[in-house]
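Here are the chains, one letter per residue:
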Amino acid sequence: MGLILFLTEKSIMKTDIARKFSLGEFKGCYPYLTESTVWDIVGEKELNGRNDIIKHCESVRNYFDSVTTDFTLLKIFEDHQHVTVTGIARFIRDNQVVAVISSCDVYTFLPDFTLKSIHSYCIKH
């Protein structure tokens, strides 16, 4: 019984890290980034290592803080090493929707819960 509980706690932790990152709650995820973590924002850029990823997260966070954000998570899938989060983000300024983005983030975790990679697919409507 203890083993099942332990695996469940691991599952919750990975899902929570992925969910927070996908919602733009980046700071809580920084401890899980390493110098080997790669974030591939498909079709836009690839970020390598903790420092580059944090710098980009701070830039994205600044944008999020300049608009009203409405994030809707649609689905979360998980296996032993991966968590996938899909959702839609609406960005609003002065009561006008300025952007709508559908996204799919695929997180690959190492056994110590650090992130090996993130692959983000974003489609602007």
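Fair warning: this is a prediction, and the values are worked out from it, not measured in the lab. (Residues numbered from 1 in each chain as written. Predicted model: local features only at pLDDT ≥ 70, side-chain atom pairs only at ≥ 80, totals over all residues. Heavy atoms only, no water.)

J.: Whenever I open this one, the packing of aromatic side chains confuses me. Can you help?
T.: Note on aromatic pairs: each is described by the distance of the centres and the angle between the planes. Under the defined criterion, the tally for this structure stands at nine aromatic pairs. When the ring of F26 is compared with that of F64, the centres are 6.4 Å apart and the planes differ by 15 degrees; the resulting orientation is stacked. Taken as a pair, F26 in the loop between α1 (2-22) and β1 (38-41) and F64 in helix α2 (residues 50-66) lie far apart in primary sequence, 38 residues in all. Judged by its relative accessible area of 5%, F26 falls in the buried class. Here the aromatic cluster, defined as three or more aromatic residues joined through ring pairs, consists of F21, F26, W39, Y63, F64, F71, F91 and Y107. (Phe/Tyr/Trp six-rings, centres within 6.5 Å; stacked < 30°, edge-to-face > 60°. Helix = DSSP H or I, 4+ residues; strand = E, 2+ residues; numbered from the N terminus. Buried < 20%, exposed > 50% of the residue type's maximum accessible area, 1.4 Å probe, protein only.)

J.: Would you mind going over the confidence of the model for the protein with me for this structure?
T.: Detailed reading of the predicted coordinates is not advisable wherever pLDDT is low. Per-residue confidence for the protein gives a mean pLDDT of 92; residues scoring 70 or more make up 91%. Segment residues 1-8 is flagged for pLDDT under 50; beyond a separation of four residues in sequence, or across chains, it makes zero contacts in the model. (pLDDT = per-residue confidence, 0-100. Contact = heavy atoms within 4.5 Å.)

J.: Honestly, unusual backbone geometry in this entry has me stumped. Any pointers?
T.: The phi torsion of most residues other than glycine is negative, and most of the peptide bonds are trans. The backbone of D94 shows a phi angle near 55 degrees, a positive value even though the residue is not glycine. Looking at where D94 falls in the secondary structure, it is placed in the loop between β4 (82-93) and β5 (96-109). Note on D94: relative accessible area 69%, which makes it exposed. The backbone of F113 sits at a positive phi, close to 75 degrees, despite the residue not being glycine.

J.: What should I look at first to understand the pattern of salt bridges in this one?
T.: When their charged atoms lie close together, side chains carrying opposite charge are able to pair. Counting across every chain of the model gives four salt bridges. Across the pair E78 and K14 runs a salt bridge, and its minimum N-O distance is 3.5 Å. Note that E78 is positioned in strand β3 (residues 68-78) and K14 in helix α1, a separation of 64 residues in sequence. With a closest N to O distance of 3.0 Å, R61 and D65 form a salt bridge. Here D65 and R61 lie together in helix α2, a separation of four residues that amounts to about one turn. The class for R61 is partly exposed, based on a relative accessible area of 26%. Ionic contacts of the salt-bridge type, sharing partners, join the residues D16, R19 and K20 into one network. (Salt bridge = Lys/Arg side-chain N within 4 Å of Asp/Glu carboxyl O.)

J.: What am I meant to see in the pairing of β4 here?
T.: Each regular strand carries side chains that alternate between the two faces of the sheet. Strand direction decides the pairing type here: β3 and β4, joined by 10 bridges, are antiparallel. Within β4, the residue paired with K75 across the bridge is T86. Turn length for the β3-β4 hairpin, with the two strands adjacent in sequence and antiparallel, is three residues. A loop of two residues connects β4 with β5, the two strands running antiparallel in sequence, and D94 in this loop sits at a positive phi of about 55 degrees. (Pairing = 2+ DSSP bridges.)

J.: Would you explain the state of the cysteines in this entry?
T.: Here a disulfide denotes a covalent bond joining the sulfur atom of one cysteine to the sulfur atom of another. This model, assessed by the stated rule, comprises zero disulfides. Looking at the unpaired C57, the closest cysteine sulfur is the one in C29, lying at 7.9 Å. Residue C57 is classed as buried on the basis of its relative accessible area, which comes to 0%. Cysteine C104 shares no disulfide, and the gap to the nearest cysteine sulfur, in C122, comes to 9.3 Å. (Disulfide = S-S within 2.5 Å.)

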